[in-house]
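# Structure assessment
Read off the chains here:
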Amino acid sequence: MAATVDKQQMFIELRAEGRSFDEIAKRVNISKPTLIKWGKELKEKIEEVSKVIEEQFIIEQKIKRTIRAQKLSEELDKAYDALKNTDYKNMSKKDLINIIEKIENKLSTIVGAKSANEDDDTYKLIVEERIIGVKRK
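Heads up: these notes are all about the structure in this document. What you see is a predicted model; the values in this text were computed from it and never measured. (Residues numbered from 1 in each chain as written. Predicted model: local features only at pLDDT ≥ 70, side-chain atom pairs only at ≥ 80, totals over all residues. Heavy atoms only, no water.)

What follows is about the nonpolar core. Core analysis: the largest hydrophobic core is formed by 13 residues, its most contacted members being F11, I24, L35, W38, L42 and I46. At the level of elements, helix 1 (2-16), helix 2 (21-28) and helix 3 (32-41) are the ones that each hand at least two residues to this core. (Core = buried A, V, L, I, M, F, W, Y, C linked by side-chain atoms within 4.5 Å. Buried < 20%, exposed > 50% of the residue type's maximum accessible area, 1.4 Å probe, protein only. Helix = DSSP H or I, 4+ residues; strand = E, 2+ residues; numbered from the N terminus.)

As structure tokens, this is what we get:
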């Protein structure tokens, strides 16, 4: 009887994973008609285990996404540190203007469009001073 209970539990888990009756029959060594009968009798338990498996998968995916986001955030912090230590004195005006423009665009997507009462020169000063550390004299 205990062997049957163990085989039924194995059947429930394999069926909840979406395995076919043929595959389960080979793994559990039980006839396919018996498995079909168990499938009807144990339908609710199979659905419960299937739901648990699905929830575990979702949790695992959320954890993986969180870990990836954390790693990317760390790399972004390193990039910002490198940017902060970048010497812009030896750059051409064209390259410097391109960098300023890219940073301004990125900043505007992060904090939204500039305030209506700020003119372009004030906005550029804020970007230069806060983001890339350039101070006008």
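This brings us to a positive patch on the surface. Together, K62, K64, R65 and R68 line one region of the surface with positive charge. Residue position: R68 is located in helix 4 (residues 43-84). (Patch = residues over 30% accessible without salt bridge, like charges linked within 9 Å, V, L, I, M, F, W, Y side chains within 5 Å. Areas by Shrake-Rupley, 256 points an atom, 1.4 Å probe, with all protein chains shown as cover. Salt bridge = Lys/Arg side-chain N within 4 Å of Asp/Glu carboxyl O. Lys, Arg positive; Asp, Glu negative; His and termini not counted. Charge placed at Lys NZ, Arg CZ, Asp CG, Glu CD.)

Once that is clear, we can look at the packing of helix 2 against helix 3. Running from N to C, helix 2 and helix 3 point in directions that differ by 110°, and their axes come no closer than 9 Å. Taken together, the axis directions place helix 2 and helix 3 in an arrangement best described as roughly perpendicular. Helix 2 and helix 3 meet at a crossing whose hand is right-handed. On the side of helix 2, the interface is formed by F21, D22, I24 and A25, while helix 3 contributes K32, L35 and I36. Across the contact of helix 2 with helix 3, the residue classes tally to five nonpolar, no polar and two charged. (Axes fitted to C-alpha atoms, helices over the stretch in contact; angles between N-to-C directions. Parallel < 35°, antiparallel > 145°, perpendicular 65-115°, else oblique. Left-handed = near helix turned anticlockwise from the far one by under 90°. Contact = heavy atoms within 4.5 Å. Nonpolar A, V, L, I, M, F, W, Y, C, P; charged D, E, K, R; others polar.)

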